[in-house]
Amino acid sequence: MRHRQPDLAAVYIYDHIDQNLVDERVTQFRDQTRRFLAGKLTEDEFKPLRLRNGLYIQRYAPMLRVAIPYGMLSSAQLRMLAHIARRYDKGYGHFSTRQNLQFNWPKLEQVPEILAQLATVQMHAIQTSGNCVRNITTDHFAGVAPDEIVSPLVWSEIVRQWSTFHPEFNYLPRKFKIAVNGSVEDRAATLVHDIGIHALRADDGSVGFRILAGGGLGRTPIIGHVIREFLPWQHLLTYLEAVLRIYNRYGRRDNIYKARIKILVKELTPEVFRQQVEAEWAQVKDGPATLTEAEVARVESRFTRPAYATLPRDDAGHDLALASVPGFANWAKRNVRAHRVAGYAAVTLSLKKTGVPPGDATAEQMDAVADLADRYSFGELRVSHEQNLVFADVRRSDLLSLWQQLRKLGFATPNIGLLTNIISCPGGDFCSLANAKSIPVAEAIQRRFDDLDYLHDIGELDLNISGCMNACGHHHVGHIGILGVDKNGAEWYQIEIGGRQGEHAALGRVIGPSFAQTEVPDVIEKLIDVYLAHRDSEAERFVDTVARIGIEPFKERVYAQHHRQWHGHGGQLVAG
Amino acid sequence: MPSIIANGTVTADNWSRVDAAQLNRAPGELPAGDLLVPLALWEEKRTLLLARQHAGRLGLLLEGDDDPTAIAADLRNFALVAVDFPKAGDGRGYSTGRLLRERLGYRGELRATGDIGRDHLFALAQCGFDSFALAGNPADSELAAALHSLNDFSDAYQSTVAQPLPLYRRRIYAHTA
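Residues numbered from 1 in each chain as written. Chains lettered and ligands numbered in written order. Predicted model: local features only at pLDDT ≥ 70, side-chain atom pairs only at ≥ 80, totals over all residues.

Enquirer: Before we go on, may I ask you to explain the nonpolar core in this structure?
Expert: One broad trend across soluble globular proteins is that nonpolar side chains are buried collectively. Ranked by size, the top nonpolar core spans 174 residues in total, and within it Val243(A) and Leu527(A) carry the most contacts. With nine residues, helix H6 (residues 236–250) of chain A is the largest single contributor of residues to this core. Filtering out sequence-adjacent residues up to four positions away, Leu527(A) remains in contact with Ile480(A), Ile497(A), Phe554(A) and Val558(A). Counting residues in each nonpolar core, the second largest holds 34 residues, with Phe78(B), Leu110(B), Cys127(B) and Phe129(B) among its members. (Core = buried A, V, L, I, M, F, W, Y, C linked by C-beta atoms within 7 Å. Buried ≥ 20, exposed ≤ 12 C-beta atoms within 10 Å, placed from the backbone. Helix = DSSP H or I, 4+ residues; strand = E, 2+ residues; numbered from the N terminus. Contact = placed C-beta atoms within 7 Å.)

See below:
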């Protein structure tokens, strides 16, 4: 019945079968690469094969995207990533909004060797690209959040295994992203995924899932629709199979921009789509893919378990440090979160220091973080979809010492939840899809808001930047979203406000014509001025003020003084 | 005569594909031997085709949007069902294969044809395909090399045609860790 709350779980440890499959994938890809380099596979034939292993051919070099399943990493795995960054790349990596890590400078002929090295620490790049089921993402506070109803980790792993090399769904109409959340607050952005899974409990305590389908960002942002309110846990995989089969058979393949499942759901209407899924599910329900109690218990048993000590809830030394150590309380307020186990806390390491591309980390930083994870957090860490790292299990009595270490590394910027915690794609500096650069824009904004008192006064604000409509920076759900657009070969930036993630996810609205790169920090500052002038109290966040007063006051302020200049640029309105 | 992969070996392809022009031109002079017929033609010339069954077996070719569930009752007439993959990236045929095997109970030869290469063989076999006409009519030596790809992986997590019991219903007994 799965009434029992599973033990707090962390990293899944492969058994010999999991390991064999990953090793066999390395062998397969090594042979495919050899055939390509020998001229036996054409570029067109090789492309879908390499994409399935996370290998893009980018603007300057191949880009390799390594999977970090649902964001969970061990310190040994992080050290391997550091090693690869040093040995095969230029000494750094980029943590992405899908909880993965990207290397921007590997050589094609070395990729099989990189994958072989990753396999030695139970890592891979399987299905991190291509039109298949991508890396499963979840809440970066899974297993430790006080508001958690069901730990999403075990279910994420079960879905990971089911989706890995699924023979039927290897060549879907388009990429397919699944997110799992198990808490009251939705920290996994499930409303903007192809499938969102909410783990919850029925009145009798049994586990089940609310299933959403057809959400997504990209050029047609749509909030997902609930297609099943409660799916008992045994049926998770058969139900997913039914959804994917309907999509695989009937999703559009004639137009890449209309090929995501959200378009199928929209064109059929959510209700008709739901009926088709239910009809398909009726045929596969209770079949051999039905989950068993034994399998769920087996997966649970393969997870590591933090060996928590019995500690008092409060720590006098910590309280004293909060009151007496300058800067510490600020950091603790922004970057430390409550933990379900007494005496522990979850700590976010900010990868958003001004002047550093959001999400980037050097090999030396990775090694240092791995050492700190060993010392302070049971040798484990997580990657958040906000492109930060999380130590989930830190003793409260260790927080001061950890903060001091993180400051030396540049990972203690107290900006989690604040404007400078910018989520950004790599943009035109690296990505061949991008219309515009992202990273210099992020940096210019961070510099403008470098005054910590001002930043904290502004309060919670999500700022997201995408370099093109593919929306890898999730700009549609930023309180402020910035989108790079191409206007006659020049890089321009369109600005949206009022978007939000979480259980009340909403899409932002474009405020008007786009801006030149140098204008963006001024525009952001004007938006903030309007907010500060209109907020009814310090408790009202920017996004709440936008919801209350609408976007007009913001438009007026931004374009009142901008008007003349705007006409000078030709006055085009760029369509979103 | 081009070669194909069938039942794990390289073998000659004995099937002749016919089109509407051939049937219309010489209804009585169809090629001898086994005939592979597109779905639309089967629906149109059903009586004629059934009448020549003594001369050779019948095969059905499913293309593009053809829905296998729509001809469930006819499947007993065919010794071969061939599913065309118009592009390697068009994965509808994988679902077609599973539906034919798992839902419609088709037991005859199931062939993948069109834009498929050796790197697709493992997944196709899992979805119920047991013969493969690879794109570009590769030489027998290349087909022999391609056979290795049927064993790219030693197992699979999912419930498939090749192994209906998913790994998790088998591995539970495989270790006690």
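Enquirer: Sorry if this is basic, but what is going on with the interface of chain B and chain A here?
Expert: In many analyses, interface size is given as the accessible surface area lost on bringing the parts together. Contact residues are listed per partner, giving 33 residues for chain B and 33 residues for chain A. Elements that contribute at least two residues to the side of chain B that touches chain A include exactly helix H3 (92–103), helix H4 (121–126) and helix H6 (167–170) of chain B. The residue makeup of the side of chain B that touches chain A, split by class, is 14 nonpolar, ten polar and nine charged. (Nonpolar A, V, L, I, M, F, W, Y, C, P; charged D, E, K, R; others polar.)

Enquirer: Honestly, the sheet that holds strand S10 (residues 225–232) of chain A in this entry has me stumped. Any pointers?
Expert: Sheet strands pair by backbone hydrogen bonding; their relative direction is either parallel or antiparallel. Residue and element names in this part refer to chain A. The strand order across the open sheet formed by five strands is S6-S7-S8-S9-S10, and the pairing between neighbours is mixed. Both edges of this open sheet fall to strand S6 (137–138) and S10, since each of them pairs with a single strand only. The pairing of strand S8 (residues 195–201) with strand S9 (residues 207–213) spans seven bridges and is antiparallel. The residue bridging histidine 198 from the neighbouring strand is arginine 210, located in S9. Along the sheet face, helix H5 (residues 152–163) touches S6, strand S7 (178–181) and S8 and points at about 160° away from the line of S7. Contacts from H6 reach S8, S9 and S10, with the element oriented near 10° to S9. (Pairing = 2+ DSSP bridges. Axes fitted to C-alpha atoms, helices over the stretch in contact; angles between N-to-C directions.)

Enquirer: Can you walk me through helix H3 (residues 75–88) of chain A in this structure?
Expert: A turn of α-helix holds 3.6 residues, and therefore any two residues three or four places apart point the same way. Compared with the 20 Å implied by 1.5 Å per residue over 14 residues, the 20 Å span of H3(A) between its first and last C-alpha is a close match. Buried residues of H3(A): Ser75(A), Gln77(A), Leu78(A), Met80(A), Leu81(A), Ala82(A), Ile84(A) and Ala85(A), and no others. (Expected span 1.5 Å × (residues − 1).)

Enquirer: What am I meant to see in the domain arrangement of chain A here?
Expert: All names here are of chain A. When the domains of chain A are assigned, the result is domain 1 (16–119), domain 2 (137–301), domain 3 (321–409) and domain 4 (423–568). Spacing between the C-alpha centres of domain 1 and domain 2 amounts to 26 Å. Each side of the interface is counted separately: domain 1 has five residues, and domain 2 has six residues. Of the residues that constitute the side of domain 1 that touches domain 2, the class distribution is two nonpolar, two polar and one charged. (Domains from an automatic or database assignment.)

Enquirer: Looking at this structure, I do not really get the environment of Leu51(A). What am I missing?
Expert: All names here are of chain A. Positionally, leucine 51 belongs in helix H2 (residues 43–51). Classification of leucine 51 as partly exposed rests on a count of 19 C-beta atoms within 10 Å. Sequence spacing of leucine 51 and glycine 130 is 79 residues, and the spatial spacing of their C-alpha atoms is 5.1 Å. Each residue touching leucine 51, except ones within four places of it in the same chain, is listed here: Tyr56, Ser129 and Gly130.

Enquirer: Is there a simple way to think about the sheet that holds strand S5 (residues 101–103) of chain A in this case?
Expert: Residue and element names in this part refer to chain A. Strand order in the open sheet made by the five strands is S1-S2-S5-S4-S13, with antiparallel pairing throughout. For this open sheet the edge positions go to strand S1 (55–57) and strand S13 (360–362), each flanked by a neighbour on one side alone. Adjacent strand axes in the sheet meet at a mean angle of 30°, parallel and antiparallel pairs treated alike. Bridge count between strand S4 (residues 92–95) and S5: two bridges; the pairing is antiparallel. Paired with histidine 94 across the bridge in S5 is glutamine 102. Against the sheet, helix H12 (residues 363–376) makes contact with S4 and S13, and its axis sits at roughly 85° relative to S13, the strand it touches most.

Enquirer: Whenever I open this one, the environment of Asp152(B) confuses me. Can you help?
Expert: Looking at where Asp152(B) falls in the secondary structure, it is placed in the loop between helix H5 (140–146) and H6. Asp152(B) gets classed as partly exposed once you count the C-beta atoms within 10 Å, which come to 19. Apart from residues no more than four positions distant in its own chain, Asp152(B) is found in contact with Glu24(A), Gln28(A) and Phe122(B).

Enquirer: Got a minute to help me understand unusual backbone geometry in this structure?
Expert: In most cases, non-glycine residues show a negative phi, while peptide bonds are predominantly trans. The phi angle at Gln99(A) is positive, at roughly 60°, despite the residue not being glycine. Looking at the element boundaries, Gln99(A) is found in the loop between S4 and S5.

Enquirer: It is not clear to me how the pairing of strand S2 (residues 62–66) of chain A should be interpreted in this structure. Could you clarify?
Expert: Remark: a regular strand shows side chains that alternate across the two faces of the sheet. Residue and element names in this part refer to chain A. Among the five residues of S2, four are classified as buried, and the element is accordingly described as predominantly covered. In this sheet, S2 lies alongside S1 in antiparallel orientation, the contact comprising three bridges. Note that in S2 the partner of tyrosine 56 across the bridge is methionine 63. Here S2 runs beside S5; their pairing, made up of three bridges, is antiparallel. Note that in S5 the partner of arginine 65 across the bridge is glutamine 102.

Enquirer: Looking at this structure, I do not really get the environment of Ala434(A). What am I missing?
Expert: All names here are of chain A. Turning to its location among the elements, alanine 434 is positioned in the loop between strand S16 (423–424) and helix H14 (439–448). Assessed through the 23 C-beta atoms surrounding it within 10 Å, alanine 434 is described here as buried. Alanine 434 sits 35 residues away from methionine 469 along the chain, and the two C-alpha atoms are 8.2 Å apart. In this structure, alanine 434 is in contact with Gly427, Gly428, Gly467, Cys468 and Gly484, ignoring residues within four places of it in sequence.

Enquirer: Can you walk me through the packing of H5(A) against helix H9 (residues 293–301) of chain A in this structure?
Expert: The description of two helices packed together rests on the angle between their axes and the distance between the axes. Residue and element names in this part refer to chain A. The contact between H5 and H9 brings their axes to 10 Å, and the two run at 105°. By the angle class used here, H5 and H9 are roughly perpendicular. Contacts between H5 and H9 pair Val154, Glu157 and Ile158 from the former with Val296, Val299 and Glu300 from the latter. Of the residues in the contact of H5 with H9, the class split is four nonpolar, no polar and two charged. (Parallel < 35°, antiparallel > 145°, perpendicular 65-115°, else oblique.)

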